[in-house]
Amino acid sequence: MQPRDRLIVALDLPTVAEAERLVDELGDAVTFYKIGLELAFAGGLPFAAALVRSGRQVFLDLKLHDIPTTVERATRQIAGLGATFLTVHAYPQTLAAAVRGRGEAGLAAGGLGILGVTVMTSYADADLAEAGYAEGVAKTVERRARQVLAAGADGLILSAEEAERIRPLVGPQLALVTPGIRPAGSPVQDQKRVMTPAAAIRAGADYLVVGRPVTAAADPQATARAIVAEIATVTPSS
């Protein structure tokens, strides 16, 4: 995998027009984009299909979690768009349903990769406790990593802080995708567990999700190229 393909730019923007402008501005510096709920509900799914047709990769960060039949059918629809990744919450029923909807052609076979969401990077132990979870972030991430592996899903969404500990647990079978990436000197904003690009790759991450440090930069393309250059200086641990 080329260093450029490890960078996923989050199109956390309110309109497709703004997303199109940013993609044009980034040019060939970026090949992989994430579309989350905000843009998805503003016409982002047809835009995702257009990105795929243009030769780019798309990560649909929709965090599905519903009754199994609904998740399975929704995943089947998303697989038809040609997306590379889809997130679902890492509960056993939800994971199993998404894998059925994905079909046999998972990420390794060039199909849709199902990523299990472990614990949101805006959560700390206290946030989990307030939500009623007895275990803290570390144990919850480990439990969900095992569940993702057992379900036959393709990867995990987790903070880079956890990647070094989880990689030996899941081996090379799962792609580790890490949000909360902040180049040195960038503000952490609402993220509580962050890491620089080079440190995240060293910790075992395969893909890095970067949003505002690129999208809000004075020169988004130069910022993206600098991140890719930093990625290229290190070798993944897996």
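Residues numbered from 1 in each chain as written. Predicted model: local features only at pLDDT ≥ 70, side-chain atom pairs only at ≥ 80, totals over all residues. Heavy atoms only, no water.

> How would you sum up helix H6 (residues 137–151)? Please name residues and give values.
When the terminal C-alpha atoms of H6 are compared, their 21 Å separation across 15 residues agrees well with the 21 Å that a helix rising 1.5 Å per residue should span. For H6, every residue scored as buried is listed here: Val 137, Thr 140, Val 141, Arg 144, Ala 145 and Val 148. Each buried residue of H6 sits inside an arc of 135° when the element is viewed along its axis, so together they form one side. Opposite the buried face of H6, at more than 90 degrees from it, the exposed residues are Lys 139 and Ala 150. Against the buried residues of H6 lie helix H4 (92–102), strand S5 (113–117), helix H5 (125–130), strand S6 (155–157) and helix H7 (160–170). Immediately beyond the C-terminal end of H6, within one or two residues, lies Gly 152, with a positive phi of roughly 80°. (Helix = DSSP H or I, 4+ residues; strand = E, 2+ residues; numbered from the N terminus. Expected span 1.5 Å × (residues − 1). Buried < 20%, exposed > 50% of the residue type's maximum accessible area, 1.4 Å probe, protein only. Arc of directions from axis to C-beta. Contact = heavy atoms within 4.5 Å.)

> An account of the packing of H4 against H6 is needed here, citing residue identities and associated values.
The geometry of H4 relative to H6 is characterised by a closest axis approach of 9 Å and an angle of 30° between their N-to-C directions. It follows from the interaxial angle that H4 and H6 lie roughly parallel. Between H4 and H6 the crossing geometry is right-handed. When H4 is examined against H6, the residues Pro 92, Leu 95, Ala 96 and Val 99 are found in contact with a partner set consisting of Gln 147, Val 148 and Ala 151. (Axes fitted to C-alpha atoms, helices over the stretch in contact; angles between N-to-C directions. Parallel < 35°, antiparallel > 145°, perpendicular 65-115°, else oblique. Left-handed = near helix turned anticlockwise from the far one by under 90°.)

> Lay out the sheet that holds strand S2 (residues 32–35) with the relevant residues and their values.
Ordered in space as S1-S2-S3-S4-S5-S6-S7-S8, the 8 strands form a closed barrel in which the pairing is parallel. In this sheet, neighbouring strand axes are inclined to one another by 25° on average, regardless of whether the strands run parallel or antiparallel. The pairing of strand S7 (residues 175–178) with strand S8 (residues 207–210) spans 2 bridges and is parallel. Within the sheet, the bridge partner assigned to Val 177 lies in S8 and is Tyr 207. Here H6 sits on the sheet and contacts S5 and S6; the angle it forms with S6, its principal contact strand, is near 150°. (Pairing = 2+ DSSP bridges.)

> Could you give an account of the pattern of salt bridges, naming the residues involved and the relevant values?
Using the criterion set out here, one finds 10 salt bridges in the structure. Of the charged contacts, one joins Lys 63 and Asp 61 as a salt bridge, the two residues approaching to 2.8 Å between their closest N and O atoms. Classification of Lys 63 by relative accessible area gives partly exposed; the value is 24%. Exposure remark for Asp 61: the relative accessible area of 10% places this residue in the buried category. (Salt bridge = Lys/Arg side-chain N within 4 Å of Asp/Glu carboxyl O.)

> Talk me through the pairing of strand S3 (residues 57–64); I want residue IDs and the actual numbers.
Burial of S3 is extensive: 6 of the 8 residues sit out of reach of the surface. Where S2 meets S3, 4 bridges bridge the pair, whose relative direction is parallel. In the strand pairing of S3, Lys 34 is matched with Phe 59. As judged from the 3 bridges shared by S3 and strand S4 (residues 85–89), these two strands associate in the parallel manner. In the strand pairing of S4, Phe 59 is matched with Phe 85. You can see the chain leave S3, run along helix H3 (residues 68–79) and come back into S4, and the turn it takes is right-handed. (Right-handed = clockwise from strand over helix to strand, strands pointing away.)

> An account of the packing of H6 against H7 is needed here, citing residue identities and associated values.
Here H6 crosses H7 at 35°, and the two axes come no closer than 10 Å. For the pair H6 and H7, the sense of crossing is right-handed. Residues Val 137, Ala 138, Val 141, Glu 142, Ala 145, Arg 146 and Leu 149 of H6 touch H7, and the partners they reach there are Glu 162, Arg 165, Ile 166, Leu 169 and Val 170. Grouping the amino acids of the contact of H6 with H7 by side-chain chemistry returns 8 nonpolar, no polar and 4 charged. (Nonpolar A, V, L, I, M, F, W, Y, C, P; charged D, E, K, R; others polar.)

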